[in-house]
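# Coordinate inspection notes
The chain contents come next:
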Amino acid sequence: MPLSDSLFINRELSWLEFNRRVLHEALSEDKPLYERLKFLAIFNSNLDEFFMVRIGYLYDLLEENPFQVDLGGATPERQILNAAERAYGLLKFHQEILKDLIERLNKEKNTRIVSYEDLDDVQKTWLKGYYIANIYPVLTPIAI
């Protein structure tokens, strides 16, 4: 007896649902702000891996056999579109949470975010030196 398509949950959408739960941990008021920011970072890392691995596989499958359907009856193209739509909504929600948490941290720590143009020459010189000494080496691969 054949099984109904409605009995199956799409693998990619199920994974995105898990990552939605990770994102919701950043909303938990009983956690410190920095821990909540950490959940946002975990969400981002998970989503990067999801697109590289899972959606990458679907694109490969799309080239090999575009009409192959999963157990739920969706083609690779439909799975990609469904996942992209769900991920876009999650990313918008992530940005809202991040903006709120940064505003709270700025109030709590009495800090503010300013644009580079708003810095004076002394601050720009210090920032350039800090960037060259601490950030640029991490961003630049070193050849041996």
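Relevant structure appears above.
Treat the numbers as computed from the prediction; the structure is a model and nothing was measured.

## Overview of a nonpolar patch on the surface
A contiguous nonpolar surface patch, about 930 Å² in accessible area, is contributed by Tyr116, Trp126, Leu127, Tyr130, Tyr131, Ile132, Ile135, Tyr136 and Leu139. As for its placement among the helices and strands, Ile135 is situated in helix α4 (residues 121-139).

## Notes on the side chain of Gln79
For Gln79, the location among the structural elements is in helix α3 (residues 76-109). Side-chain polar atoms of Gln79 contact the side chain of Asn10, separated by 3.2 Å. Setting aside chain neighbours within four positions, we find Gln79 in contact with Asn10, Glu12, Leu58, Asp70 and Ala74.

## A look at unusual backbone geometry
You will see that Asn110, though not glycine, has its phi angle at about 55 degrees, which is positive. In this structure Asn110 comes out as exposed when scored by relative accessible area, which is 74%.

## Examining the side chain of Asn106
Note that Asn106 resides in helix α3. Within polar-contact distance, the side chain of Asn106 engages the side chain of Thr111 at 2.7 Å. Not counting residues within four places of it along the chain, the set of residues in contact with Asn106 comprises Thr111, Arg112 and Ile113.

## Topic: the nonpolar core
Side chains that are nonpolar tend, in soluble globular proteins, to be buried together. By size, the foremost hydrophobic cluster in this structure holds 23 residues, and its most contacted members are Leu16, Leu40, Leu47 and Phe50. For this core, the secondary-structure elements that each account for two or more residues are α1 (11-25), α2 (33-64) and α3. Among residues more than four places away in sequence, those in contact with Leu47 are Trp15, Leu16, Asn19, Ala87 and Leu91.

Criteria and cut-off values
Residues numbered from 1 in each chain as written. Predicted model: local features only at pLDDT ≥ 70, side-chain atom pairs only at ≥ 80, totals over all residues. Heavy atoms only, no water. Patch = residues over 30% accessible without salt bridge, like charges linked within 9 Å, V, L, I, M, F, W, Y side chains within 5 Å. Areas by Shrake-Rupley, 256 points an atom, 1.4 Å probe, with all protein chains shown as cover. Salt bridge = Lys/Arg side-chain N within 4 Å of Asp/Glu carboxyl O. Helix = DSSP H or I, 4+ residues; strand = E, 2+ residues; numbered from the N terminus. Polar contact = N/O pair within 3.5 Å; in protein donor to acceptor, adjacent residues only side chain to side chain. Contact = heavy atoms within 4.5 Å. Buried < 20%, exposed > 50% of the residue type's maximum accessible area, 1.4 Å probe, protein only. Core = buried A, V, L, I, M, F, W, Y, C linked by side-chain atoms within 4.5 Å.

Note that every value here comes from positions in space, so none of it alone points to a role or purpose.
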